[in-house]
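This is what each chain is made of:
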Amino acid sequence: MSSLIYGVNVTIGIIFTIMYAYQMFYLVVGFLDKQRAHRPYRAKKNHKLAVLIAARNESKVIGELCKSIQQQDYPQDKLHIFVVADNCTDNTADICRSMGCTVFERFNKQLIGKGYALNFAFERIFADPANDYEAFIILDADNLLTKNYIAEMNKVFDQGYRACTSYRNSKNYAQNWISSGYGLWFLREAEYLNRPRAMLHTSCAISGTGFLVATDLIKERNGWHYHLLTEDIEFTVATVITGEKIGYAPDAMLYDEQPVTFAQSWKQRMRWAKGFYQVLGKHGGDLIKRICTLRKGFFGAYDMLMNITPALLLMICGIIFNISMLLYILFFTSAATQAMLLDDCARSIGISVGYYYCMLLFVGALTTLTEWKKIPASTWMKLRTVFTFPFFMFTYIPIAVVALFKKVEWTPIEHNVVKSIDDMEK
């Protein structure tokens, strides 16, 4: 019995390590690249770009985003802001119009979600021949852009990428362990997933906000028809399946607001977990086909398959197994052997949890070390987050389990952190 418990837990750990060993390689590539001399992209021209913002009752924060766009080190005659005010009951639309934005108001209580709002906006933009923008930068209303953001995105677009993502920082990293957990995850995603992907010439992944999509790519697909709960991941996977690569603009940094209560976080990450399952169900077969044929972009397909196949499911399998063993020991073994078996079981569980904790601790520590100057938090908060980050990630376990069975619908997250880009850059 003891050898069975130990063997199953070791096997799960080995499978997990094999599946995600390439991400450890990414860590090495990302770290070594950051030690080399910087090689910035250069653009031959300033392309005509548009910013598209999907907003729902965002009157508190959207004004500061618009200001940060209008303060860009980029020709304003080659830049315009479109806002889709989606089922708003506040004055979001009026604020944006007063700042020179083109606003489309949408009222639809049946088709709810960012994907529907974006498609609604694209239909109206493309209906006007005067809108000859070459690409769109998709943002959320709570974002803030550093002054070189548009210029840096333009540089990557100029290299021929028809989609690219950017460096995602957090406005309220230092607010508590939940917001800093999100913040550290997104920093790691930017510099230790997307940067290595770009260096190795495989496809990057779009995550939530702060990405560029070429107009011709949107028109090829007849609009924005990504309506699962994680439309960003759905777009990424649909792009990777075709063999096209998504680029990364490491010097294009935006600040994003993170949830600060566990209730908010639970709701948001429940949607993400369910959305990952949806994308896996819809596109998993196509990803596997591209991997098996070894065609162009097959490794990018494997990478995305690992991203939408929740690693936590392996941990969940381990937890279910260990709980089952505990129940068996308690009810179906003699009292004389229970103490020894329970001790072996506890030791096995402790080793498994310790393995995952140390792995997440290492990832968090490395990311904090290399991104130290960019993290908007005190030294104490940065250090504390390294140790709380694994616990934040462990809270995904019950979320991933519940999302398997629960019906989840898109719901908005209220944004309340009102800061300017100047506040952040201080």
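All values reported here derive from a predicted model rather than from experimental measurement.

> Explain helix α6 (residues 177-199) here, please?
Structural remark: α-helix, 3.6 residues per turn; residues separated by three or four positions point the same way. Compared with an ideal rise of 1.5 Å per residue, which puts 23 residues at 33 Å, α6 spans 32 Å between its outermost C-alpha atoms and is within 8% of the ideal. Counted residue by residue, α6 has 20 buried out of 23 residues, so it is predominantly covered. Downstream of α6 by one or two residues, H201 has phi in the positive range, about 60 degrees.

> Teacher, can you tell me more about the packing of aromatic side chains here?
What the rule picks out here adds up to 24 aromatic pairs. Their ring planes at 85 degrees and their centres at 5.1 Å tell us that F122 and F136 sit as a pair that is edge-to-face. With F122 in helix α4 (residues 114-126) and F136 in strand β4 (residues 135-140), this pair connects stretches of sequence that are 14 residues apart. Like F122, the residue F136 is buried in the burial classification. With a centroid separation of 5.2 Å and an interplanar angle of 55 degrees, the aromatic rings of Y182 and F392 are classed as tilted. Of this pair, Y182 sits in helix α6 while F392 is found in helix α13 (residues 379-394), placing the two residues 210 residues apart along the sequence.

> Explanation requested: the nonpolar core in the structure shown.
Generally speaking, a soluble globular protein has its nonpolar side chains buried in company with each other. By size, the foremost hydrophobic cluster in this structure holds 122 residues, and its most contacted members are I53, F136 and L139. The greatest single-element share of this core, amounting to 8 residues, is contributed by α6. In contact with L139, other than residues within four places in its own chain, are V51, L52, I53, A54, L65, I69, L145, Y149, T209, G210 and L254.

> What is the right way to look at the pattern of salt bridges in this model?
Side chains carrying opposite charge are able to pair once their charged atoms draw close together. In this structure the tally under the stated criterion is 21 salt bridges. In this structure, R168 and D256 form a salt bridge, with 2.6 Å as the shortest nitrogen-oxygen distance. With R168 in strand β6 (residues 163-170) and D256 in strand β8 (residues 247-256), the pair connects residues that are 88 residues apart, well separated along the chain. Here R168 and D256 have matching classes, each one buried.

The rules behind each value
- Residues numbered from 1 in each chain as written.
- Predicted model: local features only at pLDDT ≥ 70, side-chain atom pairs only at ≥ 80, totals over all residues.
- Heavy atoms only, no water.
- Helix = DSSP H or I, 4+ residues; strand = E, 2+ residues; numbered from the N terminus.
- Expected span 1.5 Å × (residues − 1).
- Buried < 20%, exposed > 50% of the residue type's maximum accessible area, 1.4 Å probe, protein only.
- Phe/Tyr/Trp six-rings, centres within 6.5 Å; stacked < 30°, edge-to-face > 60°.
- Core = buried A, V, L, I, M, F, W, Y, C linked by side-chain atoms within 4.5 Å.
- Contact = heavy atoms within 4.5 Å.
- Salt bridge = Lys/Arg side-chain N within 4 Å of Asp/Glu carboxyl O.

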